[in-house]
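# Breakdown of the fold
Below are the chains, spelled out letter by letter.
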Amino acid sequence: MTPIDETIAAIRPIDAQAMAEARAHQDRLTKPRGSLGVLEDVAVRLAGIAAVCPPPLPTPAALAIFAADHGVHARGVSPWPQEVTAQMVANFTVGGAVANAFAAQVGATVTVVDVGVAVDLPPAPGLISHKVAYGTADLSRGPAMTAEQTRQALAAGAGVARGLVAAGHRCLITGDMGIANTTASAALICAFTGRDAESVTGRGTGIDDATHRHKIEVVRQALPANGISPAGAVPAGPEEALRVLAAVGGLEHAAIAGFVLGAAAERVPVILDGVIAGSAALAAAALAPDVTGYCVAGHRSAEPGHAAALAHLGLRPLVDLELRLGEGTGGLLAQPLVAAAARVMHEVATFDAAGVAEQKA
Ligand SMILES: Cc1cc2ncn([C@H]3O[C@H](COP(=O)(O)O)[C@@H](O)[C@H]3O)c2cc1C
Ligand SMILES: O=C(O)c1cccnc1
């Protein structure tokens, strides 16, 4: 078995017994039933993830930012030069990015992983090299990656997840950096949800109307160029999922999919960031359907494809602040909410223990 197959084989469904216990415990706590809304569902799911009630607190938390470049950048789909990917990697390693500020705010560590930046990067603190290639090929003209590259990136992501858990982290957060990666994300979302290019392709870092129309066209071309039916047909089975991921994904998408699979294999929650993570999670779920139980949607980004991806996965985002940055920023902001949901299960008194009268029938 290849490393990624081993990770997939280790994934079990989240635990129904622990979730039933968690639901019953919620109802005994000194609050009206259901009054914590979605946070009660989060707490129940955390119990299912860890297969124990109450669930462990999701701390310490670790953000992993997967960085890579994209051949489709040459099609003029992003207003930013490709060099910004490598420059932002350097920025992450010296603590200068928004993700660093948010990570400091919530007490998360930051690991940066080069899975496919187009240039060689000098060693830096917190930077791991798992470089699979110097960027991808242009997904609008043929496969972005080979099957082998895709497997290597998946394995790199899974390895990072499993390493962070081995180092004691109890919550993983996805991050990305890759100029033009919202184009690959839109193509993945089209392929995995059957939605059309127009409805899922957004403005990424900020493009004008003409560039947006062009970007939609590029995404539309990507499917037939790779033998993927234009709309409505969703890939069936892991082999086809791998082929689609290789065809229209990016190296960071594959690594994030592997990271999500690795978290699930370790029974640790993984908080998804924005549209890049959402599209990668579609691939992960197509490879191993049980993985969605381990995913918490940190936020909903302003990219239209993100809502489509989350709806397909059946995940409800915790935060909606019109963020459109990536890097893990939206996932980081959600981490204290996930931690608060778990803490309730440990620290809030039951009606019996506190001597508080219960609701009359
Ligand atoms: C300075 C800067 C910092 C970023 N941090 C995340 N992204 C985000 O924007 C990029 C995707 O948008 P598009 O597809 O339009 O290129 C990705 O690198 C993503 O991580 C950034 C982009 C820029 C320019
Ligand atoms: O949804 C995201 O995470 C996002 C949106 C725009 C640009 N980069 C990332």
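Residues numbered from 1 in each chain as written. Chains lettered and ligands numbered in written order. Predicted model: local features only at pLDDT ≥ 70, side-chain atom pairs only at ≥ 80, totals over all residues.

This part is about the overall build of the chain. Broken down by element type, the chain carries 15 helices and six strands. For 361 residues, the compact-globule estimate of 2.2 N^0.38 gives 21 Å, and the chain sits close to it at 20 Å. Reported as C-alpha extents along the three principal axes, the dimensions of the chain are approximately 65 × 45 × 45 Å. A total of 361 residues make up the chain; the buried ones form 57% of that total. Considering only contacts within the chain whose residues lie at least 6 apart along the sequence, 78% involve residues at least 24 apart. (Helix = DSSP H or I, 4+ residues; strand = E, 2+ residues; numbered from the N terminus. Rg over C-alpha atoms; globule rule 2.2 N^0.38 Å. Buried ≥ 20, exposed ≤ 12 C-beta atoms within 10 Å, placed from the backbone. Contact = placed C-beta atoms within 7 Å.)

Packing of helix 7 (residues 181–193) against helix 9 (residues 209–225) leaves a shortest axis separation of 9 Å and a crossing angle of 50°. On the basis of their axis angle, the class for helix 7 and helix 9 is oblique. Pair helix 7 / helix 9 crosses with right-handed handedness. Along its contact with helix 7, which presents Thr183, Ala186, Ala187, Cys190 and Ala191, the element helix 9 presents Lys215, Val218, Val219, Ala222 and Leu223. Counted by class, the contact of helix 7 with helix 9 contains eight nonpolar, one polar and one charged residues. (Axes fitted to C-alpha atoms, helices over the stretch in contact; angles between N-to-C directions. Parallel < 35°, antiparallel > 145°, perpendicular 65-115°, else oblique. Left-handed = near helix turned anticlockwise from the far one by under 90°. Nonpolar A, V, L, I, M, F, W, Y, C, P; charged D, E, K, R; others polar.)

For the chain, the assigned domains read domain 1 (3–55 + 346–354) and domain 2 (61–339). Broken down by element, the side of domain 1 that touches domain 2 gets its largest block of residues, eight residues, from helix 3 (residues 37–50). In the side of domain 1 that touches domain 2, the residues fall into 14 nonpolar, two polar and two charged. (Domains from an automatic or database assignment.)

Along strand 2 (residues 108–116), eight of the nine residues are buried, which leaves the element largely enclosed by surrounding structure. In this structure, strand 1 (residues 61–68) lies alongside strand 2, joined through eight bridges in parallel fashion. Opposite Ala67, over in strand 2, you have Asp114 as the bridge partner. Direction of pairing for strand 2 relative to strand 3 (residues 127–129): parallel, over a ladder of three bridges. By the bridge assignment, Val113 is partnered in strand 3 with Ile128. (Pairing = 2+ DSSP bridges.)

The subject of this paragraph is the UniProt feature "active site" (unreviewed entry) in the chain. As recorded in UniProt, the feature "active site" (unreviewed entry) lies at Glu327. Here Glu327 is to be found in the loop between helix 13 (304–313) and helix 14 (329–347). On the basis of neighbour counts, which here come to 29 C-beta atoms within 10 Å, the residue Glu327 falls in the buried class. Other than its neighbours up to four places away in sequence, Glu327 contacts Ile65, Ala97, Val98, Ala99, Gly175, Asp176 and Met177. (UniProt positions renumbered as here; feature names shortened; annotations may be inferred.)

Okay, helix 3 next. For helix 3, with 14 residues, the first-to-last C-alpha span of 21 Å sits near the 20 Å given by 1.5 Å per residue. Taken across its 14 residues, helix 3 has 10 buried, putting it largely inside the fold. Summarising the contacts, the buried residues of helix 3 are in contact with helix 2 (16–28), strand 6 (295–297) and helix 14. Downstream of helix 3 by one or two residues, Ala51 has phi in the positive range, about 60°. (Expected span 1.5 Å × (residues − 1).)

Attention shifts here to the site of ligand 2. Taken together, 13 residues are adjacent to ligand 2, and Gly274, Val275, Ser301, Arg324 and Gly326 come closest. Of the residues belonging to the shell around ligand 2, the class tally is three nonpolar, seven polar and three charged. (Near = placed C-beta within 6 Å.)

Before going further, it helps to examine the nonpolar core. Ranked by size, the top nonpolar core spans 126 residues in total, and within it Val260 and Leu261 carry the most contacts. Each of domain 1 (3–55 + 346–354) and domain 2 (61–339) contributes no fewer than three residues to this core. When sequence neighbours within four positions are dropped, the list of residues in contact with Leu261 reads Thr7, Ile8, Ile11, Ala158, Ala284, Leu287, Ala288 and Val291. (Core = buried A, V, L, I, M, F, W, Y, C linked by C-beta atoms within 7 Å.)

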